[in-house]
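The chain contents come next:
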Amino acid sequence: MNESILNSVLLLVSLGAVTALVLFVVSKKFYVYEDPLIAEVEDILPGANCAGCGSPGCKSFAEKLVATEDISDLFCPVGGNDVMKLVAETLGKEVAEKDPTVAVVRCQGSCEVRPKTTEYQGPKSCAISAMIYSGETDCQYGCLGDGDCVTACKFDAMFMDETTGLPIVITDKCTSCGMCVEACPRDIIEMRPKNKRDLKVYVGCLNEEKGGIAKKACSVACIGCSKCEDVCPKDAITMVNNLAYIDPEYCTLCRKCVPVCPTHSIIETNFPPPKVKKVVEKKVEADPSGEVKSVNLVKDA
Amino acid sequence: MLKTFSKGGIHPPENKLTSTKKIKRLAPPKVVYVPIAQHIGIPAEIIVDRKDKVEIGQVIAKSGGFVSSNIHSPVAGTVTKLDMVIDSSGYKKQCIVIRTDVKNETNFQEVDYPLKKEIDLEPAEIVKRISDFGIVGLGGATFPSHVKLNIKEDKKMDCLIINGVECEPYLTADHRLMLEKGEEIIVGIKILMKALHVHKAVIGIEDNKHDAVELFKRLTADEKEIQVAALQVKYPQGGEKQLISAILGREVPKNGLPMDVGVVVNNVGTIFAIYEAIQHNKPLIERVVTVTGKKLDNPSNFWVKIGTPIKDLIEEVGGMPEGTRKIINGGPMMGKAIKNTDVPVTKGTSGILIVDEDEACRGEVKNCIRCGECVNVCPMGLEPHLLMNLSEKGMYEKAAQEDIMTCIECGSCSYVCPSNRPLLDYIRFGKNITKNLASSKN
């Protein structure tokens, strides 16, 4: 009885010893040196593995940060300036400070203003319906409404508004990783600078058709009238292919362009309500549902 | 036992409503919209300008490269504008808009050329003329025909196959053309045999077109070099790889061309267009189109000028029936739903199919039950369920390894799937991405 216990104990101990020896030899022989900085930098990074920086994940981005001499081109959009500052301190390198950005959806073509002329029954994916045809409406530049951007967002920062059929960005959650920009087959989503109060002025349309055709397809389409371009004091607005674009670099958010747009296709967000002096009711006819929508047009704003 | 291809295939209801309707010539429309991208390959380059007067058959857009084709004016008239018009791709594409000159008599002449049997041109001249006269494959793929006839030196051709299968349900354009222009087609075949230096031609016709089989057997009774092969009815027998397998029992290698097994395949419509180009100097400016649908008053076959808006054809068959849910450019299996009725007829339009709710709408998509029907019916021996999953999950490299690029997009898998899964949609999408990935690598 005693002997059998002793035997098994000895056997297991010797087995353990031999295995330990083998493991020890192997670990010495095949040891791969890894810069401890990599692990340190990876700890600082957010760990979302979103690929917004261009590397496949945070680990490989950390490797890149450690390996590259000049890291001023590299930026983690999720962590932002704070994380990049910490990384720079750890590595003793210089980083460039970038303004935070946020995704904006440049299409206002809700079911109400942009009537559907056909019905799509294929797989619910923008990429596939864009491959098949120009979409359910007559606008071949606007949102297809199948939510590829929402699927691509790893931060729950987007959702589809069921009444309008358009995606909405939750600005507080958006990390500007850029996955939605890549997922959209129509390039509708753009990264625009996010200032402290998240004030933005941008053209909510991408339709390059001539005015009449664009307006027929969607009542809030940019018709390329150039009124905003004329009124802009900083020359921030350019007209290309019947479409206005506001360059955020030059735009001072003066909002002079917003009231002059005849189709209301310039969007302003998060501005405090203006001090109303005089309100003029103006009827908008192009509402396809037949109801006459009244819009408050503010003078002297 | 009649011959057919080896792998897969399905038997959708034939619904050939118009097989007894004679082809009627339509008067040219008031305005034609001629897209410059009517063929596979590089779009043609416009060589006319606004307000230019054009003659019938005049070149209005020049071939943009080797795999490209000339485009000729289908009517005599005036170019009113160069505009963007929605074509069958669902997107706005560059079009030449020509207003027909109603006073010009050439527009209204009923041209029925007398049969001309002697072939005067030399092989090289034949290929040149086919290229100049804008002939493309009229079966639906619109591949420029002269490219098929430029055989590489190391390949040896021994057989020309004429595709008179018309395996798509509903369509009867090729069937009627064979019945009405049989002798011309035989001359066309001889022209191509001369151009290719081959001494064997086989006309493949499915057995549901008895009259055409009989007619061609009679016409070729004295021709030693031309045979007629009656084939079992099975979709997609009109695919060139399937047709070669059915008639000659040869398998075209993966990613290969019919050329690799010594064969050139051409559609009967193309053969007739070649006949007219070579013997009567007529470029490709019109084609046969079947306008059909169960609810139509009078479905028919028409000779239609390229660029005629589809709404003109629908008017001709008695107007759009009530409850129409979908208009398909092509047949029900491989055709493409169009966005509106302003879409013009192009060189690839073999039919216009108008369907109602019952036929148009897809069923509810359910989970895959692993029944393997899609694998059974795939004529290329692929695994459609796997390819769909791979492209849905974005695993395009794996999909390429599983030969996604050999799919001929016949739609048999989507047709048989008991769970209504959109197999072909995803496979087509995967093919698109794989193609782009491959071209970006090069």
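Residues numbered from 1 in each chain as written. Chains lettered and ligands numbered in written order. Predicted model: local features only at pLDDT ≥ 70, side-chain atom pairs only at ≥ 80, totals over all residues.

Q: I'd like to hear about the interface of chain A and chain B, residue by residue, with values.
A: Counting from both sides, the interface comprises 11 residues of chain A and, opposite them, 11 residues of chain B. Taken together, the residues of the side of chain A that touches chain B break down into six nonpolar, five polar and no charged. (Contact = placed C-beta atoms within 7 Å. Nonpolar A, V, L, I, M, F, W, Y, C, P; charged D, E, K, R; others polar.)

Q: Any chance you could break down the nonpolar core for me, citing the residues and the numbers?
A: One finds L160, I161, I189 and I274 of chain B to be the most contacted residues of the largest nonpolar core, which totals 121 residues. Element by element, the count of residues in this core is highest for helix α4 (residues 182-196) of chain B, at nine residues. Structurally, this core is a two-domain feature, drawing no fewer than three residues from each of domain 1 (123-280) and domain 2 (373-441) of chain B. In this structure, I189 of chain B is in contact with L160, I162, A201, I226 and I271 of chain B, ignoring residues within four places of it in sequence. If you look at the next biggest cluster of nonpolar residues, it comprises 62 residues, including V102, V113, V203 and L243 of chain A. (Core = buried A, V, L, I, M, F, W, Y, C linked by C-beta atoms within 7 Å. Buried ≥ 20, exposed ≤ 12 C-beta atoms within 10 Å, placed from the backbone. Helix = DSSP H or I, 4+ residues; strand = E, 2+ residues; numbered from the N terminus. Domains from an automatic or database assignment.)

Q: Go over the UniProt feature "binding site: [4Fe-4S] cluster 1" (unreviewed entry) in chain B with me, naming the residues and quoting the values.
A: Residues and elements named next belong to chain B. Per the UniProt record, the feature "binding site: [4Fe-4S] cluster 1" (unreviewed entry) sits at C368, C371, C374 and C417. In sequence the annotated residues extend across 50 residues, while in space they remain close, none of their C-alpha pairs exceeding 10.7 Å. Topologically, C368 is positioned in the loop between α9 (357-360) and α10 (373-377). Setting aside chain neighbours within four positions, we find C368 in contact with H385, S419 and R421. Relative to the elements of secondary structure, C371 occurs in the loop between α9 and α10. (UniProt positions renumbered as here; feature names shortened; annotations may be inferred.)

Q: Please provide a residue-by-residue account of the domain arrangement of chain B, values included.
A: The parts lose accessible area when they come together, and the size of an interface is often stated as this lost area. Residue and element names in this part refer to chain B. If you check the domain split of chain B, you get domain 1 (123-280) and domain 2 (373-441). For domain 1 and domain 2, the distance between their C-alpha centres works out to 28 Å. With six residues of domain 1 at the interface, the matching set in domain 2 holds seven residues. Looking at the side of domain 1 that touches domain 2 residue by residue, the classes come out as two nonpolar, three polar and one charged.

Q: Just give me the short version of the domain arrangement of chain A, but keep the residues and values in it.
A: Residues and elements named next belong to chain A. For chain A, the assigned domains read domain 1 (36-91) and domain 2 (101-299). Taken together, the contact pairs five residues of domain 1 with six residues of domain 2. Partitioning the side of domain 1 that touches domain 2 into residue classes produces four nonpolar, one polar and no charged.

Q: Before we move on, could you go through the sheet that holds strand β11 (residues 226-231) of chain B and cite the residues and values that matter?
A: All names here are of chain B. Taken in spatial order, the four strands line up as β11-β10-β9-β12 in an open sheet, and their pairing is parallel. At either end of the open sheet lies a strand with only one pairing partner, and these are β11 and β12 (263-267). Across the sheet, the mean angle separating the axes of adjacent strands is 25° when strand polarity is ignored. Where strand β9 (residues 159-163) lies against strand β10 (residues 201-206), four bridges are found, and the strand directions are parallel. Residue L160 lies in a different strand from β10, and its bridge partner there is A201. (Pairing = 2+ DSSP bridges. Axes fitted to C-alpha atoms, helices over the stretch in contact; angles between N-to-C directions.)

Q: Lay out the packing of α4 of chain B against helix α7 (residues 268-280) of chain B with the relevant residues and their values.
A: Residue and element names in this part refer to chain B. Look at α4 against α7: their axes get within 8 Å of each other, and the N-to-C directions meet at 80°. Between α4 and α7, the interaxial angle falls into the category roughly perpendicular. Taking contact as the criterion, the partners of E184, I185, V187, G188, I189, I191 and L192 in α4 are, on α7, V268, I271, F272, I274, Y275, I278 and Q279. Within the contact of α4 with α7, the residues separate by chemical class into 11 nonpolar, two polar and one charged. (Parallel < 35°, antiparallel > 145°, perpendicular 65-115°, else oblique.)

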